[in-house]
Every structure is written in structure tokens, then in C-alpha cells.
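Each chain, written out:
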Amino acid sequence: MIDSISKSAIKFISGIILFELIIGGGGRLFELGTLTLRMYLFMAATTMSIVLIIVKKKLPLYLIIFIFLSFFSLFLSAFIGKINGASLNMIFIDIKPLLFVLFILSIYFFIYEPDNIWFVSKIIMYTSFLMAIAYLMILSMLMLEKLDFQYFYSLVSPYEEFFFRGNNGYFTYKGFIYIGIGLIFWFYSYNYTFLKIIIIVISVTALVLSGTRGFLLALTIIFFFSVVLPETLKGKLIYVLALTVLIIVSIWFLTSTDLGDKDHSDSIRITQINQVIENTNVSSFIFGHGFGVGVQIRPVHMEIAYAEIYHKQGLLGILLWAGLFIYLSSLYFSLRGLKKIGKPYFLSSVFVFLMSFTNPYMNNPIGLTMIMITLVVLNKIKKLEKA
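Since the structure is predicted, the reported quantities are computational estimates derived from the model, not experimental observations. Note that residues are indexed from 1 along each chain, following the sequence as it is written. Residues qualify for local features only when their pLDDT is at least 70, as the model is predicted, and side-chain atom pairs are given and counted only at 80 or more; totals for whole chains, interfaces and linings, by contrast, use all residues. Only hydrogens and water are set aside; all other atoms, that is, all heavy atoms of the structure, feed into the side-chain values.

A. Representation of the packing of helix α3 (residues 61-83) against helix α14 (residues 305-334) within the structure. All axes are obtained by fitting lines to C-alpha atoms, using only the stretch in contact for helices, and the reported angles, taken between N-to-C directions, cover 0 to 180 degrees. Note on conventions: DSSP H or I runs of at least 4 residues are helices, E runs of at least 2 residues are strands, and numbering of each starts at the N terminus. Their axes nearest at 11 Å, the elements α3 and α14 cross at an angle of 165°. In terms of orientation, α3 and α14 fall into the roughly antiparallel class. The two elements α3 and α14 cross, and the hand of that crossing is left-handed. Judged by residue contacts, Tyr 62, Phe 66, Leu 69, Ser 73, Leu 76 and Ser 77 of α3 engage Lys 312, Gln 313, Leu 316, Leu 320, Leu 324 and Tyr 327 from α14. Tallied by class, residues from the contact of α3 with α14 come to eight nonpolar, three polar and one charged. An angle below 35 degrees is read as roughly parallel, one above 145 as roughly antiparallel, one from 65 to 115 as roughly perpendicular, and any other as oblique. Two helices that cross are described as forming a left-handed crossing if the nearer one is turned anticlockwise from the farther one by less than a right angle, and a right-handed crossing if clockwise. Residue contacts are defined here by distance: any two heavy atoms, one from each residue, within 4.5 Å place the two residues in contact. For this scheme, ten residues count as nonpolar: Ala, Val, Leu, Ile, Met, Phe, Trp, Tyr, Cys and Pro. Four count as charged, namely Asp, Glu, Lys and Arg, and the remainder, Gly too, count as polar.

B. Representation of the side chain of Thr 36 within the structure. Locating Thr 36 in the fold gives a position in strand β2 (residues 35-36). Residues contacting Thr 36, with those up to four places away along its chain left out, are Gly 27, Arg 28, Phe 30 and Glu 31.

C. Highlighting the nonpolar core. Counting residues in each nonpolar core, the largest one holds 111 residues, and the members touching the most others are Ile 177 and Phe 351. Ranked by residues supplied to this core, first place goes to helix α6 (residues 115-143) with 12 residues. Discounting residues that sit within four places of it in the chain, Ile 177 has contacts with Phe 215, Phe 351, Val 352, Met 355, Tyr 361 and Ile 366. In this structure, Val 295, Met 302, Ile 304 and Ala 307 belong to the second largest nonpolar core, which totals five residues. To qualify as a nonpolar core, a set must consist of buried Ala, Val, Leu, Ile, Met, Phe, Trp, Tyr and Cys residues joined through side-chain atoms within 4.5 Å. Buried means the residue's accessible area, taken with a 1.4 Å probe over protein chains only, is under 20% of the maximum for its type, while exposed means over 50%, and partly exposed covers the values in between.

D. Main features of the side chain of Ser 121. Among the structural elements, Ser 121 can be located in helix α6. Under the relative-accessibility criterion, Ser 121 is labelled buried at 5%. Contacts described as polar in this section are N or O atom pairs within 3.5 Å, which, within protein, must combine one atom able to donate a hydrogen with one able to accept it, while residues neighboring in sequence count only if both atoms come from side chains. Here Tyr 345 takes part through its side chain, which lies 2.7 Å from a polar atom of the side chain of Ser 121. Not counting chain neighbours up to four residues away, the residues in contact with Ser 121 comprise Phe 185 and Tyr 345.

Everything listed is a geometric property; what it means functionally is a separate question.
In C-alpha cells:
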């Protein structure tokens, strides 16, 4: 009885959490008292997952290893940070987003039934498409002066989720990474129809108009190696032509507007890298400076995820993330008959890893969730293939 009720409740809450993660960006949009909606949902789903673990008394080995290594690295980096003089408050600020690794328990019970793999895909696809539509509608209203820019700016700026680019109303939002992820899912799901092509065009348009070079570069790399190169080797040139046109149009658009002016953001990232290098010593090279210890320009979090991981967790932290990526890759490439089902999940995780070279995604619930979903889905598909 408890087993059945808990599974249904976890499926319901996990679906809501996934929906909120996609549209909610960094999680600050929906605040309820001192905590956010995301935190309340996370605590509820984790509590029910623990109840299910007590009832079932069994978890797969990969899940146990993932959680153990995650918490081992958290405790080690917190200990090193305290030794290096970091305050408990600053240490907790670094730990808080990474505690979301426990959500993998909810994901595991959510995707316990194979049918839920497709259910997760649909949530990602349709929610991300709605986000793209909403962005284009708001942008159109700003451009046509049907929506006052100053009013919109004052409305959303307190949340620190929106970043405005230039003076023409262009903006980007933390949750836009899921428009890119949704694009990958739409591309590899369903057969080609007129509706699917329209959805892909709308999603690409939204990403280009967001002015985020990282999205465009990461997606170009992914689609080049997963689609363009293999199809070109087969003699099909339509894909290389389409990608070339898209790259030319995107470059023209970015350079013809003030969206192409990235000198300020580039200089901040370069300064961060230089300060991380300057603060490196023998001990920090291996173990990092610990949580709560930042650099002069960024005392708390950094824009580049890998720079923050290296600075606070050292080579050991980088190797743990590299090990996870290698494990996901080996899982995916070992699939046979059901490989097509896992492809959008794996490529979406690659997208998160690539985007983390310029933004803090993989060490944040926004990107970490996609990586954990992929970990569970690929293991589930592997188990189905063995069966």
C-alpha cells in the first residue's frame, strides 16, 4: 500500500518539479516565505523517496555509488573550506545547490516504469516549446512597444533570472537552456512532419534572438557530429547546407546588433580564469581551496562551472565530473536496439557539459537535473535491453 501510494505521489511531484525546473530557471521565480517552491517540492519528493527505500530496501549499485561519491566530495570540500577559513554561511551557499543530487532518488522511482521515459520526454519537449513561444511573444511586444520596457525590466529584474542585452529589448533567461534541450528532443523524436519542422524553426529562432553564443556554439558542435558529419559521409549535403546557412545568419544577426558586444562578459570570465590560476598552489591543484573560498572578482559563484569546480574542489573534483561523463558515454555507446530512445537524453547531457564551459549549469539544479535524468534513463534502457 505504502509502495503504491509513494510511487504515485513521487510521479506527480517529480513531474511538477521537472516542469518547474524547466520554466523556473534558477528557482527564484516562485518564492513561498523564506524558501522557494522548488525547495518545498524537493524536500517532499526526497522524503517520499526515503520512505520507498525503507520499504523496498534496495537501490541499484550505480545509484549508491553516485550518491556516495557526491556526498564524499561535498564533505571533503566543506572540510577543506573550513580549514582555509571559510565561514559556515559561505560554505553552505556552495553546498546548497549541490544537495540537489538527492533528487536522483525521486528520478529513479519516477522512471521506475519504462513508459515514464517517454513521459519525461514529452514534459521536456512541450514545456520548452511553450517557453520559446512565450519568449518570442514578449520580445515582439517589447519591439512593437505594446509592452513598456521599463515596466517589464522593473518586474523581472529583482529575481536575477533575466539578463538584458543591449538597449533594444533583447534578453535571455536562465531557463533558456531547456529550449536547446527541447530542440534536441524534438529533432530526435517523432517522424518529420510540418508541425515538427515549425517547432524546430521556432525554437532555433528563439535561441538566436536570445543572443547567447554558448547555446548556438554548443548546439552547432552537437548537431555537426551527430547529424551533419554522418549524413555528409553518406552523400547527403542538405544538412551541411542547412547548418552553414544557420551559422551565417546567426553571425550576421549577432554582429549587426549590439547583441554581439560581449567585451564586458568576456573580460569578467577571463579575469576569473586568471585569478583562479594565480591562486593555485600544490594543495589546491589536487583538492581545491574548499567550499566558501572564492576569488576576488567572484567571492561566491563563478560564471564558468569548470573554473569554480577546479578552484574549490581541485583536480579531484574535475576527475569526478569527468568520470561521470565517461560513464554516461560508455552506457550510451553500449546500447544497441534501444539506442534511439537514449540519444536525445545523452546529447542533452553533452549540451549541459558543453554549456558549463561558459555558464554554471552542471553544478546547478538546472543542468544537474538533466544529467541525473540521463544517468537513470540510460541505465533503465540498458536493463531493458538485457531483459
